[in-house]
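# A closer look at the structure
Spelled out from the first residue to the last, the chains are:
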Amino acid sequence: MRKGRDVRLRYSFSKATECEQVHEYSLDILKNTGVIVRSERARALLKKHGAKISDMKAFMPEALVTQALKTAPESFGFKTPGHRVSVGGEALCTLPSYGATYVRRNGKRFLGTRKDFVNFTKLIQMNEELSLSCPYVLEPYDLPLEHRNAYKMVMSLKYSDKPTFSITEDGESARESIDMARRYFGDDSSYLLMGNVNISAPLLMSQGTAEAILVHGEKNQPVMVACGSGLSGLTAPPMPAANLLLSNSGVLAGVVLSQCARPGLPVIYGFPLFAVDPYNAGAAVGSPVTALFTMAAAEMGRFYKLPVRAGGTFTDAEQLDFQSGFESFMNLFSSLYAGVDCLMHTFGMEEGLNTLNYNKFILDEALYHTLQEFLGGFEINDVTLMAQEIQRAGCDGNYIGMRNLRLIRKQYRPYPFGEAAEEETVLEKTDLEIERRLEAYRMPESTAEQRDYLEGLLPRELVD
């Protein structure tokens with residue numbers, strides 16, 4: 001028997017020398033241009049570890065960056081009573097949509113509501129492909145602002161037992177959300193949730209971002225550091241490579257602070273970088289450049305031996321049309337093909353990340369399954385070649401039989417919406433699937449004490 005092998009698509013976006021060049025230029029920027037850090041605590045900590053501080057600017061020497069990259073782990077794992085999720089290595093951590101303002105269902109667009117928030121949290125909980133839940137899945141605008149953060153965390157914990165995100169508006173909100181999850185799950189030692197923070201372009205670490213990183217270090221909970229707000233020609237240089245360099249420098253600054261706060265703290269190299277529309281100055285998430293940024297991010301993450309977050313299944317389109325399909329495919333394909341460790345906005349996002357679409361959530365899931373099968377390739381060995389079967393059939397035989405029929409059905413899965421010839425039919429079929437899943441939803445197991453704790457964090461009329 002000959003040893004089999006898998007026929008898979010493999011891709012390397014850049015050479016090691018190119019990653020090295022980006023890194024060397026980033027070290028120069030961090031050392032000589034510096035990063036504005038608006039947290040006094042963060043500046044003091046950076047100074048203690050060797051950074052030079054001038055007013056609000058921190059200049060980070062090469063040795064400080066190198067040490068941070070040594071202590072940051074290559075992989076780690078979340079654990080809640082119901083789920084274990086690996087990040088890094090061979091695992092793919094799939095994350096829900098994040099930050100939607102609007103919701104669309106059956107072609108109608110409206111501001112997100114409490115009902116939509118709970119619905120999508122249920123859909124995320126039931127979806128075996130999604131690794132984490134998310135209090136930022138959408139903004140429930142029918143809630144008073146002063147109760148919104150508490151509501152989002154409470155509902156995320158109540159309706160899902162998956163690991164989740166923390167609230168990262170500032171250090172206080174990060175601490176409150178971490179403490180809430182720890183008390184609810186009764187676990188002070190496991191990685192239960194992670195913070196998603198952003199270094200603003202060009203090179204500015206806000207007080208809220210810096211304090212959130214410090215709190216995650218204090219509480220020993222993972223943090224995902226991004227620098228994705230740079231729009232080429234506006235807050236970032238016009239050339240894609242230069243934008244890559246700027247964002248890489250910002251992410252490294254966040255990695256450094258995370259390791260100063262707690263050496264060995266899990267940190268994810270975040271890279272939600274998008275192209276820009278030169279005619280309206282908005283992000284162009286459906287541009288080929290966005291997909292290229294995703295592939296470049298995967299290479300830089302591997303270069304640094306850090307888990308990397310980039311990409312997603314998103315589009316600039318405002319309806320389920322050809323543009324929506326090909327842009328979503330391009331972004332998802334580039335993410336899976338490049339081998340990112342964390343995929344955010346996995347299902348449902350459109351209109352430049354402004355809108356979360358119920359119907360697209362279902363369609364994107366089907367696209368995800370299709371691409372996973374495609375990129376998985378097929379195995380070639382003495383069994384799969386079926387040489388004896390071919391010899392038995394000869395030149396004028398056939399392969400009709402129940403065994404072969406079962407093999408065909410296993411290997412060839414039809415597209416679930418292939419019979420929907422019109423958009424209205426697609427909407428109807430996906431809407432029926434949404435309703436089926438919501439009706440089939442079952443609450444995660446919890447004790448009366450856990451339920452009482454969560455419900456006590458909100459006014460009675462806000463408990464859904």
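So, a few notes on the structure that sits alongside this text.

For the rest of this paragraph, the subject is a negative patch on the surface. Together, Glu169, Asp170, Glu172 and Glu176 make up a negatively charged patch on the protein surface. Of note, Asp170 is situated in the loop between strand E10 (164-165) and helix H6 (171-185).

A word on the pairing of strand E14 (residues 267-270). Residue alternation in E14 divides its side chains into two sets, Val267 and Tyr269 and Ile268 and Gly270, and both sets are buried. Pairing analysis gives 4 bridges linking strand E13 (residues 223-226) to E14, with the strands arranged parallel. Bridged to Val225 within E14 is Tyr269. Here 2 bridges tie E14 to strand E17 (residues 308-309), and the two strands are oriented parallel to one another. Across the sheet, Tyr269 pairs through a bridge with Val308, a residue of E17.

With that settled, the discussion passes to unusual backbone geometry. Of note, the bond from Ala201 into Pro202 is cis; its omega dihedral lies within 30 degrees of zero at 0°. Relative to the helices and strands, Pro202 resides in the loop between strand E11 (193-198) and strand E12 (204-205).

Turning next to H6. Given a rise of 1.5 Å per residue, 15 residues ought to cover 21 Å, and the 21 Å separating the end C-alpha atoms of H6 matches this to within 8%. Taken together, the buried positions of H6 are occupied by Gly171, Ser173, Ala174, Ser177, Ile178, Met180, Ala181, Arg182, Tyr184 and Phe185. Those residues of H6 that are buried are in contact with strand E5 (76-80), helix H5 (145-159), E11, helix H7 (207-219) and helix H15 (448-455). For H6, the N-terminal cap is Asp170; the gap from its side-chain oxygen to the backbone nitrogen of Glu172 is 3.3 Å. Directly after H6, the chain includes Gly186, whose backbone phi takes a positive value near 65°.

Another aspect to go through is the packing of helix H4 (residues 114-126) against H5. H5 packs onto H4 with a crossing angle of 35° between their chain directions and a minimal axis gap of 9 Å. For the element pair H4 and H5, the recorded crossing hand is right-handed. Within the contact between the two elements, H4 uses Arg114, Phe117, Val118, Thr121, Lys122 and Gln125 and H5 uses Tyr151, Lys152, Met155, Ser156 and Tyr159. A breakdown of the residues in the contact of H4 with H5 according to their chemical character gives 5 nonpolar, 3 polar and 3 charged.

Criteria and cut-off values
Residues numbered from 1 in each chain as written. Predicted model: local features only at pLDDT ≥ 70, side-chain atom pairs only at ≥ 80, totals over all residues. Heavy atoms only, no water. Patch = residues over 30% accessible without salt bridge, like charges linked within 9 Å, V, L, I, M, F, W, Y side chains within 5 Å. Areas by Shrake-Rupley, 256 points an atom, 1.4 Å probe, with all protein chains shown as cover. Salt bridge = Lys/Arg side-chain N within 4 Å of Asp/Glu carboxyl O. Lys, Arg positive; Asp, Glu negative; His and termini not counted. Charge placed at Lys NZ, Arg CZ, Asp CG, Glu CD. Helix = DSSP H or I, 4+ residues; strand = E, 2+ residues; numbered from the N terminus. Buried < 20%, exposed > 50% of the residue type's maximum accessible area, 1.4 Å probe, protein only. Pairing = 2+ DSSP bridges. Expected span 1.5 Å × (residues − 1). Contact = heavy atoms within 4.5 Å. Polar contact = N/O pair within 3.5 Å; in protein donor to acceptor, adjacent residues only side chain to side chain. Axes fitted to C-alpha atoms, helices over the stretch in contact; angles between N-to-C directions. Left-handed = near helix turned anticlockwise from the far one by under 90°. Nonpolar A, V, L, I, M, F, W, Y, C, P; charged D, E, K, R; others polar.

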